[in-house]
Amino acid sequence: MYFIGYDIGSSSIKAALLDAGSGRCLASATSPSREMPIQVLHPHWAEQDPESWWLEIIHATQLLQRQYTFDPAMVKGIGIAYQMHGLVCVDKDLQVLRPAIIWCDSRAVDIGNSAFTALGKEYCLSHLLNSPGNFTASKLRWIHEKEPHLYERIHKIMLPGDFIAMKLTGEACTTVSGLSEGTFWDFPGNTVNTRLLDYYGIDRQLLPDLVPTFGIQGELTTAAAAVLQLKAGTPVTYRAGDQPNNAFALNVLQPGEAATTAGTSGVVYAVHDKHTFDPKSRVNTFVHVNNDVHHTRDGVLMCLNGTGIANSWLRNMIGEISYPDMNTIALQAPVGSDGLLVFPFGNGAERILGNKSTGATVSHLDFNRHSQAHMMRAVQEGIVFGLNYGLDIMSEMDLTIHRVRAGNANMFLSPLFREAFANTANVVIELYDTDGAQGAARGAAVGAGYVPLKEAHRGMQCLAVIEPDARLLSHYRDAYGHWLAGLRALMCNGDL
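Here we summarise the structure given alongside this text. The structure displayed is predicted, hence computed values, not measured ones. (Residues numbered from 1 in each chain as written. Predicted model: local features only at pLDDT ≥ 70, side-chain atom pairs only at ≥ 80, totals over all residues. Heavy atoms only, no water.)

**Here we look at the overall build of the chain**
Point 1. Along its length, the chain carries 16 helices and 22 strands.
Point 2. For 496 residues, the compact-globule estimate of 2.2 N^0.38 gives 23 Å, and the chain sits close to it at 22 Å.
Point 3. Structurally, the chain occupies a C-alpha span of about 65 × 55 × 45 Å along its principal axes.
Point 4. Relative to its 496 residues, the chain shows a buried fraction of 60%.
Point 5. Intrachain contacts of the chain at a sequence separation of at least 6 include 75% that bridge at least 24 residues.
Point 6. When the accessible surface of the chain is summed, it comes to about 19,000 Å², and 50% of that surface belongs to carbon and sulfur atoms.
Point 7. Of note, the chain has its 37 positive side-chain charges centred 1 Å away from the centre of its 48 negative side-chain charges. (Helix = DSSP H or I, 4+ residues; strand = E, 2+ residues; numbered from the N terminus. Rg over C-alpha atoms; globule rule 2.2 N^0.38 Å. Buried < 20%, exposed > 50% of the residue type's maximum accessible area, 1.4 Å probe, protein only. Contact = heavy atoms within 4.5 Å. Areas by Shrake-Rupley, 256 points an atom, 1.4 Å probe, with all protein chains shown as cover. Lys, Arg positive; Asp, Glu negative; His and termini not counted. Charge placed at Lys NZ, Arg CZ, Asp CG, Glu CD.)

So, in structure tokens, the structure goes:
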């Protein structure tokens, strides 16, 4: 029996075919081969065409089928992971009304900040566990204000994963975890937060119906099955945002466990058994995939928008050079990059900075001293230091992290990045042979009832363990302290 997982990212769509018996990934595919474009019509905006995600789903599925021959009738479930916090609007015919406003779009920051003040910080933090900030509800309010004629035509609003599920099944639905990531969920009431909806003037009927994270969420339509060359009636049995799904993919399900990613953005995601929040809402709490009425499981998420995108920007500026070559060159510079500092905040408003869009900054550049190697190292160190700043915030919430799990992908392919992360944060890193698409496939197997949750990760292997090096700890801590002083100056001290 097989299960297919899709991971809808902002740079690409990934697909994986999982064998339920062995727990092995039989085939994986990424489409397109180059990063998908993000439309930036105005400063701080970021949009994508949802239909382009669907086209890449089709292509990725075709690539899977070329890699491994399988009977479509043996596919017993489909799982979906997706870029969080996006907004897709469809009309009564389930046709897309406008480009999706995606996760790194910052246009609704002021709207969310105003709601935070008007509803009261105490109320928002105790009920939403977050400021409305730049999340999906605030983006919808922006459409209400700026595109009222389009707003009137909206039949349902969806997150990116909800949209793909709709393309597969013809049904508009979402999950509790999804509503929480959009700040639509009332944690103590365990229901939709109508107070925020009323404040924003949003009709409750625009939200899709709820389905379980693990379980039947609809079946593949005849039309979708035809273009995917799969069997009509195949159930969609799992759905989660990319970071809760990444945690699930890494078997991070219990309090005290933590997962991390470093793709376009970087995230540390820790599981907690209590509804907790950061008083400044610099890190955010959402419903985790295995939350239920008997066991509270929330995911505390810190996000650094400018992560892999900062490294890819540098690569594009330099020209034809591979990431492995960049890593090798970067290692020629010493820890701390001889004082060169990079603040990688150039990908929209950063939550850890109070939803401010500062832009990226290079500081202390010396033309006579700093080389290409220094710049390459400083970018990777700046990303690590930004993530560590988020970990400092999490520690203020009594979330002490000593060990993190990560997929062997993206920035974690860099030996320098792994070394810097382990020694700056003083944590053990475990690298596994998994990714978001594989996690979605494992979730589909659980949701279809073929694999119990406690056995969902069989076949997954730990590839490497990176421990802090006593000889390097003080050097990285000093370098981080220098970077932190630079950040305080950048943010005018009191704003941090």
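**As for the nonpolar core**
Point 1. In terms of nonpolar packing, the biggest core is built from 60 residues, with Y389, M394, F417, F421, I429, W483 and L487 touching the most fellow members.
Point 2. In terms of residues, this core owes the most to one element, helix 13 (residues 372–395), which gives 13 residues.
Point 3. In this structure, A100, W103, I164 and A224 belong to the second largest nonpolar core, which totals 43 residues. (Core = buried A, V, L, I, M, F, W, Y, C linked by side-chain atoms within 4.5 Å.)

**Things to note about the packing of helix 13 against helix 16 (residues 473–490)**
Helix packing for two helices is described by the angle between their axes and how far apart those axes are.
Point 1. Between helix 13 and helix 16, the least distance of the axes is 10 Å, while the angle of their chain directions is 80°. Accordingly, the angle class assigned to the pair helix 13 and helix 16 is roughly perpendicular. Contacts between helix 13 and helix 16 involve R377, E381, G382, F385, G386, N388, Y389 and D392 from the former and Y476, R477, A479, Y480, W483, L484 and L487 from the latter.
Point 2. Across the contact of helix 13 with helix 16, the residue classes tally to eight nonpolar, three polar and four charged. (Axes fitted to C-alpha atoms, helices over the stretch in contact; angles between N-to-C directions. Parallel < 35°, antiparallel > 145°, perpendicular 65-115°, else oblique. Nonpolar A, V, L, I, M, F, W, Y, C, P; charged D, E, K, R; others polar.)

**Thoughts on the pattern of salt bridges**
Point 1. Applying the stated criterion across every chain yields a total of 18 salt bridges.
Point 2. A salt bridge links R141 to E145, with the shortest nitrogen-to-oxygen separation between them at 3.0 Å. Of this pair, R141 and E145 both sit in helix 4 (residues 136–146), separated by four residues, roughly a single helical turn.
Point 3. Ionic pairing is found between E396 and R282, a salt bridge with its closest N-O pair at 3.1 Å. Of this pair, E396 sits in the loop between helix 13 and strand 20 (403–407) while R282 sits in the loop between strand 15 (266–272) and strand 16 (284–287), and the two are 114 residues apart along the sequence.
Point 4. A relative accessible area of 7% places R282 in the buried class.
Point 5. Residues joined in a network through salt bridges with shared partners are E47, R98, D105, R107 and E147. (Salt bridge = Lys/Arg side-chain N within 4 Å of Asp/Glu carboxyl O.)

**What about the sheet that holds strand 2 (residues 13–19)?**
Point 1. Sheet architecture is open: five strands sit in the order 3-2-1-5-13, paired in mixed fashion. Single-partner strands in this sheet number two, and they are strand 3 (25–31) and strand 13 (236–241). Across the sheet, the mean angle separating the axes of adjacent strands is 15° when strand polarity is ignored.
Point 2. Taken strand by strand, helix 1 (residues 50–67) contacts strand 1 (2–8), strand 2 and strand 3, and its axis lies near 140° from that of strand 3.
Point 3. Strands strand 1, strand 5 (75–82) and strand 13 of the sheet are contacted by helix 6 (residues 160–169), whose axis makes an angle of about 150° with strand 5. (Pairing = 2+ DSSP bridges.)

**Description of unusual backbone geometry**
Point 1. Residue S31 is joined to P32 through a cis peptide bond whose omega torsion reads 0°.
Point 2. Looking at where P32 falls in the secondary structure, it is placed in the loop between strand 3 and strand 4 (47–48).
Point 3. Positioned with a positive phi, D338 is a non-glycine residue whose angle comes to about 50°.
Point 4. Within the secondary structure, D338 sits in the loop between helix 12 (323–330) and strand 18 (341–343).

**Some details on helix 4**
Point 1. With respect to burial, helix 4 is a largely interior element, eight of its eleven residues being buried.
Point 2. Buried within helix 4 we find T136, A137, S138, K139, L140, R141, W142 and I143.

**Observations regarding the pairing of strand 14 (residues 258–262)**
Point 1. The element strand 14 is extensively covered by neighbouring structure, given that five of its five residues are classed as buried.
Point 2. Taking every second residue as pointing to the same face, both faces of strand 14 are buried, with A258, T260 and A262 on one and A259 and T261 on the other.
Point 3. With five bridges connecting them, strand 14 and strand 15 associate as antiparallel partners. From the neighbouring strand, A262 faces strand 15, where its bridge partner is G266.
Point 4. Note that strand 14 and strand 20 share two bridges and pair parallel. Counterpart to T260 in the pairing with strand 20 is A406.

**A closer look at helix 13**
Point 1. When the terminal C-alpha atoms of helix 13 are compared, their 35 Å separation across 24 residues agrees well with the 34 Å that a helix rising 1.5 Å per residue should span.
Point 2. Among the 24 residues that make up helix 13, 21 are buried, leaving the element largely enclosed by the rest of the structure. (Expected span 1.5 Å × (residues − 1).)

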